[in-house]
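Working through the structure, step by step
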Amino acid sequence: MKIACLGGGPAGLYFAISMKLRDVSHDITVFERNRPDDTFGWGVVFSDETFDNITANDPVSAATIRANFAYWDDIAVHYRGERVVSSGHGFSGIGRKKLLMLLQERARQLGVDLRFQTEIADAGELAKDYDVVIACDGLNSKTRTQFSDHFKPSIDLRKNKFVWLGTKQKFDDAFTFIFEETEHGWLWAHAYQFDADTATFIIECSEATWEKWGFGAMSQEGNARVCERIFAKYLGGHSLMSNAAHIRGSAWLNFPRVLCEKWSYRNIALMGDAAATAHFSIGSGTKLAMESAVALSDYLHSEPTLEAAFAKYQDARRTEVLRLQSAARNSLEWFEDVERYLHLDPVQFNYSLLTRSQRISHENLRLRDKAWLEGAEAWFQRLAGGGDNKVRRPMFAPFKLRDMRLKNRVVVSPMAQYKAVDGCPTDWHLVHYAERAKGGAGLVCIEMTCVSPEGRITPGCTGLYKPAHEGTWKRIVDFVHAETDAKICCQLGHSGAKGSTQLGWEEMDAPLREGNWPIMSASATAWSERNQRARAMDRADMDRVREQFVSSAQMADRAGFDMLELHCAHGYLLSSFITPLTNLRTDQYGGSLENRMRYPLEIFRAVREAWPAHKPISVRISACDWVGPEGIEPKDAVAIGRMLQEAGVDICDVSAGQTSIRAKPVYGRMFQTPFSDRIRNETGMATMAVGNIFEPDHVNSILMAGRADLVCLARPHLADPYWTLHAAAKFGDRGESWPLPYHPGRDQLYRMSLSSEPAAHRV
């Protein structure tokens, strides 16, 4: 096979090597526009896992690369005058120039033709003379641009500024992050050794800080000197060096996130940064390139045709790239929003940084550095009032709102049961809520309980508008208080335009087959073309509904509920005022966000006045409508959070979506947690996180990183009412109380956990 590689970086060289290893008869030429020893980066980082893959493919080149590695196991974070170090991370670095020299030598040994200072103007013309052309011509790939109609690239230019420098200050004891506050804002450095006497030193900052410093108007030399002064106490007298003469101006860049829809066209395939990029903060660009080289080499020998090989290459590698880009996006967004976290204690800040990509979980950190994590857990418990030097998972830390003290941070999220009769809960509800309260959660939230018959979502929804409702709820609450140490919250709401619909297991959000009742909303809108159009509320309606909320809150207090939550999310009545998708009013309750919040806040203030001062109130919101700028976006949710906070709301239950059938949510594990994170850390308001949270690891990482104060789980509690107690047993935590009659089962579970769980998981 006659093969051309456009680009002599790691992707092109390693692909040539890999192809020769599989069949030495391949005729392979690598075309590189620069000289052999030209390079414009500093160091390259490999994880242990990545290097294992490289070793399996070519032990010879792996051995020569390994001989030139600088190793480190620690990550050090300099922040607010403290240096926090954690271990067990297993990385290695090598100079980019050295890596290229080693790969060039290996390629020559195998008979690859290396042609430097050779510019290929037209990949299409070159492809006529070769069986395969691999376009690994970098971030600004000419081939990708030439055939952009076929490759369909998406290029997202990110907002932070960064500059890639080097230094003789080696940072040889740890991969080092340095966060430094200046008169013009924060700057931070990613520093790591890559050879015996040199380290990479990447400096990053927001565009606002970059502009205030005037970096864009400086020369590369001037930039380096200013940055030396900023980071002088970490450089030990060493200078900062630039090797970016090929870049015009100051050499500061914005990172471009690249992903192509198609990776091949005719006999041309993209590889490396030409096909996809991964942010430098997770150090995986070279990993992607070299692993893609191995994969395509395999497929070109295993598949019957070039077309089939390219198809398999794209399917397999694009999936892997998307997975890695997801982690890289999480990481780069953390750095883009790092100023949101600069109020955190150094312990929590370090944890947040380490887990930013979601590739490192809470228990994975324990395997890496048990001592450090246990110190962090003890800090969290002390902060929560859980006892000095007590080592327990964050999910088992207490939490206090007004006079309500929760034994832990796990919340049974509200889940509609559709089993009420004429609004009245039944024995189903007694058993359902009693089981979940016995199961160990600190707080149990009942389903949205409606303030009027017409405010129900379905005929099976519960209410609090009749004396019989109050009495039946009191029976349930009394049982929870008498037999468990859980607290119980009443969620009050009104269905609005989503009312008069079928039970959840029939046809969700569809009108009743018969017996529909009139509905009302902020404006005369319908949930869908099939649903009836709601009547726009007038002032008399608004007064009546406000008094219904107050009356229901008073009933909830008499029933003994510990906490109240107002449902202002998911397209129900109060949500319909907040989102511009359904609030079309032209009076003082429509238009601006402040106007749209006016009625929900009016309801809250009336309820707050009627609800005992020692009991907390939460408000659930939809922090994103998932329709773009036409609806609520995360920045709006922060503004909503501030209004709630100023009004006296104790905690914000941060959900998202379900406000429009046009919504296009981006699903994934913990997919709504970033909204809670943003509200909590930009406003200082306590929050609850919800949304596809299903493992104890999720709960612990959310809490320890400061992304929420409480964590709500819905479906896991439907599958396992004793989810919290089972998690405690799995971890060897004996601090959670079990119902007395269940102690024999508890003891057996403890014995089974001890025999099956690794010692590292026992506390």
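Preceding this section is the structure that the text describes.
Residues numbered from 1 in each chain as written. Predicted model: local features only at pLDDT ≥ 70, side-chain atom pairs only at ≥ 80, totals over all residues. Heavy atoms only, no water.

1. As for the pattern of salt bridges
Following the criterion strictly, the structure yields 53 salt bridges and no others. Where Glu336 meets Arg158, a salt bridge forms, and the shortest distance between an N and an O atom there is 2.7 Å. Of this pair, Glu336 sits in helix H12 (residues 306-336) while Arg158 sits in strand E10 (residues 153-167), and the two are 178 residues apart along the sequence. Each member of the pair Glu336 and Arg158 is classed as buried. Linking Glu363 and Arg393 is a salt bridge whose minimum nitrogen-to-oxygen distance equals 3.1 Å. One end of the pair, Glu363, is in helix H14 (residues 362-368); the other, Arg393, is in the loop between helix H15 (370-384) and strand E18 (399-401), with 30 residues separating them in the sequence. Comparing Glu363 with Arg393, the two get one shared label, buried. (Salt bridge = Lys/Arg side-chain N within 4 Å of Asp/Glu carboxyl O. Helix = DSSP H or I, 4+ residues; strand = E, 2+ residues; numbered from the N terminus. Buried < 20%, exposed > 50% of the residue type's maximum accessible area, 1.4 Å probe, protein only.)

2. Digging into the environment of Asp73
Here Asp73 is to be found in the loop between strand E4 (70-72) and strand E5 (75-79). Along the chain, Asp73 and Arg368 lie 295 residues apart, while their C-alpha atoms are 9.4 Å from each other. Apart from the residues within four sequence positions on either side, Asp73 is in contact with Ser86, Ser87, Gly88, His89 and Gly90. Within the local environment of Asp73, its side chain forms a polar contact with the side chain of Ser87, the two groups lying 3.3 Å apart. Among the polar contacts made by the side chain of Asp73, one reaches the main-chain amide nitrogen of Gly90 at a distance of 3.0 Å. (Contact = heavy atoms within 4.5 Å. Polar contact = N/O pair within 3.5 Å; in protein donor to acceptor, adjacent residues only side chain to side chain.)

3. Section: unusual backbone geometry
Of note in the backbone geometry, Gln358 takes a positive phi value of approximately 70° without being a glycine. Take Gln358: it is sitting in the loop between helix H13 (346-354) and H14. With a phi angle near 50°, Arg402 is a residue other than glycine that sits in the positive phi range. Position of Arg402 relative to the elements: it lies in the loop between E18 and strand E19 (404-406).

4. Section: the packing of aromatic side chains
Counted by the stated rule, this structure contains 37 aromatic pairs. Ring centres of Phe147 and Tyr265 lie 5.2 Å apart, and the angle between their planes is 45°; this geometry places the pair in the tilted category. A residue pair is termed long-range when its members are at least 10 positions apart, and Phe147 in the loop between helix H6 (142-146) and helix H7 (148-151) and Tyr265 in strand E16 (residues 264-265) qualify at 118 residues. Both residues of the pair, Phe147 and Tyr265, belong to the buried class. (Phe/Tyr/Trp six-rings, centres within 6.5 Å; stacked < 30°, edge-to-face > 60°.)

5. Some words on the pairing of strand E1 (residues 2-6)
Successive residues of a regular strand alternate their side chains across the two faces of the sheet. With respect to burial, E1 is a largely interior element, 4 of its 5 residues being buried. Sheet analysis places E1 next to strand E2 (residues 27-32), joined by 5 bridges and oriented parallel. For Ile3, the partnering residue across the bridge sits in E2 and is Ile28. Following the backbone out of E1, through helix H1 (residues 10-22) and into the adjacent parallel E2, one traces a crossover that is right-handed. Relative to strand E9 (residues 132-135), E1 runs parallel, the two sharing 4 bridges. (Pairing = 2+ DSSP bridges. Right-handed = clockwise from strand over helix to strand, strands pointing away.)

6. Observations regarding helix H3 (residues 59-66)
Considered for burial, the residues of H3 that qualify are Ser61, Ala62 and Ile65. Angular distribution of buried residues about the axis of H3 spans 105°; they occupy a single face of the element. Contacts from the buried residues of H3 go to H1, helix H2 (48-57), strand E7 (91-95) and helix H4 (96-109). (Arc of directions from axis to C-beta.)

7. Some points on the pairing of E5
Most of E5 sits out of view: 5 of its 5 residues are buried. Going residue by residue along E5, you find Ile75, Val77 and Tyr79 tucked away on one face and Ala76 and His78 tucked away on the opposite face as well. Where E5 lies against strand E6 (residues 82-86), 5 bridges are found, and the strand directions are antiparallel. Paired with Tyr79 across the strands is Glu82, a residue of E6.

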